[in-house]
Amino acid sequence: MKLVERALPGVEEYADQAAESACLLADVVSAGGWSEAAADDALTAIETLAEALGGIGPELQDVLAAVTAAASTARRRLGLPVDTVPELAAPGAVIALRTSCRPRRRGLGPGFQGIR
């Protein structure tokens, strides 16, 4: 499995923003600081990133199946809805990539602008 030297336009910048946002979130949250909406959004990000990285190749899909399964288990334990997106359960399974993420929810608080 080999990666390209230079990613497609925007990929490196978006990956950097995702990593930075994850670090900022980890810095501000404590075990009691999670709401249902925040936990749902964080798990959606984990699932989406695992799915996107799985597009690199079947070997990576097999490894990331554990991440997807763990996110689904976390959703069930937190009483959150489990996505209908198929899990990467079977080794070598071909999964259709998402064309877009879930629509943004409203009412997350005054001035909420989302993670950019």
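Before any of the text, the structure's been laid out above.
Read on for a plain summary of the structure. Here the structure is a predicted model, which is why all the values come from computation and not from measurement.

## Details of the packing of helix H2 (residues 36-54) against helix H3 (residues 58-78)
Turning to step 1, where the next piece is worked out: As a packed pair, H2 and H3 sit with axes 9 Å apart at the nearest point and diverge in direction by 165°. The angle between H2 and H3 falls in the class roughly antiparallel. Every pair of crossing elements has a handedness; the one defined by H2 and H3 is left-handed. Judged by residue contacts, Ala39, Asp40, Leu43, Thr44, Ile46, Glu47, Ala50, Leu53 and Gly54 of H2 engage Leu60, Gln61, Leu64, Val67, Thr68, Ala71, Ser72, Ala74, Arg75 and Leu78 from H3.
Turning to step 2, where the next piece is worked out: Across the contact of H2 with H3, the residue classes break down as eleven nonpolar, five polar and three charged.

## Considering the pattern of salt bridges
It is possible for side chains of opposite charge to pair when their charged atoms get near one another.
Turning to step 1, where the next piece is worked out: Summed over the entire model, instances satisfying the criterion amount to three salt bridges.
Turning to step 2, where the next piece is worked out: We note a salt bridge from Arg75 to Glu47, for which the minimum N-O separation is 2.9 Å. One end of the pair, Arg75, is in helix H3; the other, Glu47, is in helix H2, with 28 residues separating them in the sequence. Across the pair, Glu47 and Arg75 agree in class, each one buried.
Turning to step 3, where the next piece is worked out: The structure contains a network of salt bridges with shared partners spanning Asp40, Glu47 and Arg75.

## Let's talk about a nonpolar patch on the surface
Turning to step 1, where the next piece is worked out: On the surface, Met1, Leu3, Leu53 and Ile56 cluster together to form a nonpolar patch covering roughly 420 Å² of accessible area.
Turning to step 2, where the next piece is worked out: Considering the arrangement of structural elements, one finds Met1 in the segment before helix H1 (11-28).

## Re H2
Turning to step 1, where the next piece is worked out: For H2, spanning 19 residues, the distance from its first C-alpha to its last is 27 Å, which sits close to the expected 27 Å at 1.5 Å a residue.
Turning to step 2, where the next piece is worked out: Buried residues of H2: Ala39, Asp40, Ala42, Leu43, Thr44, Glu47, Ala50, Glu51 and Gly54, and no others.
Turning to step 3, where the next piece is worked out: Among the structural elements, H1 and H3 are those in contact with the buried residues of H2.

## Observations concerning a negative patch on the surface
Turning to step 1, where the next piece is worked out: On the surface, a cluster of negative charge is contributed by Glu13, Asp16, Glu20 and Asp27.
Turning to step 2, where the next piece is worked out: Relative to the elements of secondary structure, Asp16 occurs in helix H1.
Turning to step 3, where the next piece is worked out: Residue Asp16 is classed as exposed on the basis of its relative accessible area, which comes to 54%.

So, how was this worked out
Residues numbered from 1 in each chain as written. Predicted model: local features only at pLDDT ≥ 70, side-chain atom pairs only at ≥ 80, totals over all residues. Heavy atoms only, no water. Axes fitted to C-alpha atoms, helices over the stretch in contact; angles between N-to-C directions. Helix = DSSP H or I, 4+ residues; strand = E, 2+ residues; numbered from the N terminus. Parallel < 35°, antiparallel > 145°, perpendicular 65-115°, else oblique. Left-handed = near helix turned anticlockwise from the far one by under 90°. Contact = heavy atoms within 4.5 Å. Nonpolar A, V, L, I, M, F, W, Y, C, P; charged D, E, K, R; others polar. Salt bridge = Lys/Arg side-chain N within 4 Å of Asp/Glu carboxyl O. Buried < 20%, exposed > 50% of the residue type's maximum accessible area, 1.4 Å probe, protein only. Patch = residues over 30% accessible without salt bridge, like charges linked within 9 Å, V, L, I, M, F, W, Y side chains within 5 Å. Areas by Shrake-Rupley, 256 points an atom, 1.4 Å probe, with all protein chains shown as cover. Expected span 1.5 Å × (residues − 1). Lys, Arg positive; Asp, Glu negative; His and termini not counted. Charge placed at Lys NZ, Arg CZ, Asp CG, Glu CD.

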